[in-house]
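# Examination of the molecular architecture
These are the residues of each chain, in order.
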Amino acid sequence: MTIFKSKRRQVLLRRLVFFVSLLFAGRGQVFSQAKIDPSLPETPLPHRRVLFLFPGFETIQDPTITVPSLRTRQKFEMSFRKTIDPSFLIESAMFAGYGQLAGYGPDYGSGRSAYAQRFGYNAANLASTFLFTDAVLPTIFKQDPRYFRKGSGSIPSRIWWALRSEAVAFSDQGNEMPNYSSMIGFGMSTALSNAYSPPSSITFSKTMERYAVKEGVSFGLNVLREFGGLNNPGDR
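A brief look at the structure comes next. Worth saying up front: this structure is predicted, and the values here are computed from it rather than measured.

Criteria and thresholds
- Residues numbered from 1 in each chain as written.
- Predicted model: local features only at pLDDT ≥ 70, side-chain atom pairs only at ≥ 80, totals over all residues.
- Heavy atoms only, no water.
- Helix = DSSP H or I, 4+ residues; strand = E, 2+ residues; numbered from the N terminus.
- Contact = heavy atoms within 4.5 Å.
- Areas by Shrake-Rupley, 256 points an atom, 1.4 Å probe, with all protein chains shown as cover.
- Phe/Tyr/Trp six-rings, centres within 6.5 Å; stacked < 30°, edge-to-face > 60°.
- Buried < 20%, exposed > 50% of the residue type's maximum accessible area, 1.4 Å probe, protein only.
- Axes fitted to C-alpha atoms, helices over the stretch in contact; angles between N-to-C directions.
- Left-handed = near helix turned anticlockwise from the far one by under 90°.
- Patch = residues over 30% accessible without salt bridge, like charges linked within 9 Å, V, L, I, M, F, W, Y side chains within 5 Å.
- Salt bridge = Lys/Arg side-chain N within 4 Å of Asp/Glu carboxyl O.
- Core = buried A, V, L, I, M, F, W, Y, C linked by side-chain atoms within 4.5 Å.
- Parallel < 35°, antiparallel > 145°, perpendicular 65-115°, else oblique.
- Nonpolar A, V, L, I, M, F, W, Y, C, P; charged D, E, K, R; others polar.

Turning our eyes to something else, we now look at the overall build of the protein. When helices and strands are tallied, the protein shows seven helices and nine strands. Contacts spanning at least 24 positions in sequence make up 77% of the contacts within the protein whose residues lie at least 6 apart. Split by element, the accessible area of the protein, about 12,300 Å² in all, is 65% carbon and sulfur.

Take the packing of aromatic side chains next. How two aromatic rings sit relative to each other is set out by the distance from centre to centre and by the angle between their planes. The full count for this structure, using the stated rule, is five aromatic pairs. Judged by centre distance (5.9 Å) and plane angle (50°), the rings of Tyr98 and Tyr104 are tilted. Taken together, a centroid distance of 5.6 Å and an interplanar angle of 65° make the contact between Tyr121 and Tyr196 edge-to-face. Taken together, the residues span a long stretch of sequence, with Tyr121 in helix H4 (residues 112–140) and Tyr196 in the loop between helix H6 (180–193) and helix H7 (204–226) at a distance of 75 residues. For Tyr121, a relative accessible area of 5% corresponds to the buried category.

Contact geometry of H4 with H6 gives a least axis separation of 8 Å together with a crossing angle of 145°. You can see that H4 and H6 cross each other, and the crossing is right-handed. Residue-level inspection shows Tyr121, Asn125, Ser128, Thr129, Phe132, Thr133, Leu137 and Pro138 of H4 in contact with H6, the latter providing Tyr180, Ser181, Ser182, Ile184, Gly185, Phe186, Met188, Ser189, Leu192 and Ser193.

A contiguous nonpolar surface patch, about 190 Å² in accessible area, is contributed by Phe95, Val213 and Val217. When you line up the elements, Phe95 lands in helix H3 (residues 86–102). With relative accessibility at 30%, the residue Phe95 sits in the partly exposed group.

Turning our attention to the nonpolar core. Counting nine residues, the largest nonpolar core consists of Ile36, Ile60, Ile65, Val67, Tyr147, Phe148, Trp161, Ala162 and Phe170. The set of elements that each furnish at least two residues to this core consists of strand E7 (147–148) and helix H5 (155–164). Excluding its chain neighbours within four sequence positions, the residues that come into contact with Tyr147 are Glu58, Thr59, Ile60, Trp161, Ala162, Ser165, Asn222, Arg225 and Glu226.

When two helices pack together, their arrangement is given by the angle between their axes and by how far apart the axes lie. For the pair helix H2 (residues 72–84) and H4, the least separation of the axes is 8 Å and the interaxial angle reads 175°. Of the possible angle classes, the one that applies to H2 and H4 is roughly antiparallel. Across from Thr72, Lys75, Phe76, Met78, Ser79, Lys82 and Thr83 in H2, the residues of H4 making contact are Ala127, Phe130, Leu131, Asp134, Ala135, Val136, Pro138 and Thr139. Taken together, the residues of the contact of H2 with H4 break down into eight nonpolar, four polar and three charged.

Below, the structure written as structure tokens:
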């Protein structure tokens, strides 16, 4: 058991080292991303979707334009709009269904009652994730929570950009910085979810597993945004 735990810690450590290495990957290379100019006047959040389902107003579609920084009010607006969007209930239902079928997430058992509990868990989890990653932490760290598409280059380079964006973001002034909003925000929402999870589901390994799933889902959405899964692409 001790050997197993030691190997598991080594695996987690290697994954952490790899993820942190993304912070420094690509230094000195020229990437194509939108520029942020805080002196530009405020513009409203665009109305667009990813695959007709997920809100896509946090994506800068055109990597050649200069965009104004988000005001604090807009960061909270982004979080609020994602929480009240119809897709919020669909996502909660999808995650609850997956958890029910695959046995992933908190152990609520089986049956309708268990599904209802999973739905409530996922709804609360999504709401806290949006609040921390789109509003609270971007405001504290003066960071832009939007995804800036690379928009050109080889497919591997664009996938790498989508992955790197999980670890590297832009400040409100347009400078590169560690993506505290995602890395810390996912951790905060995952830790908070332990407050309403069954005691049997509150372990270090299960908590880290839920954190890793959030990073994975976020990376997958970045790939969709990168390769143009947006409706109303004419919007910036």
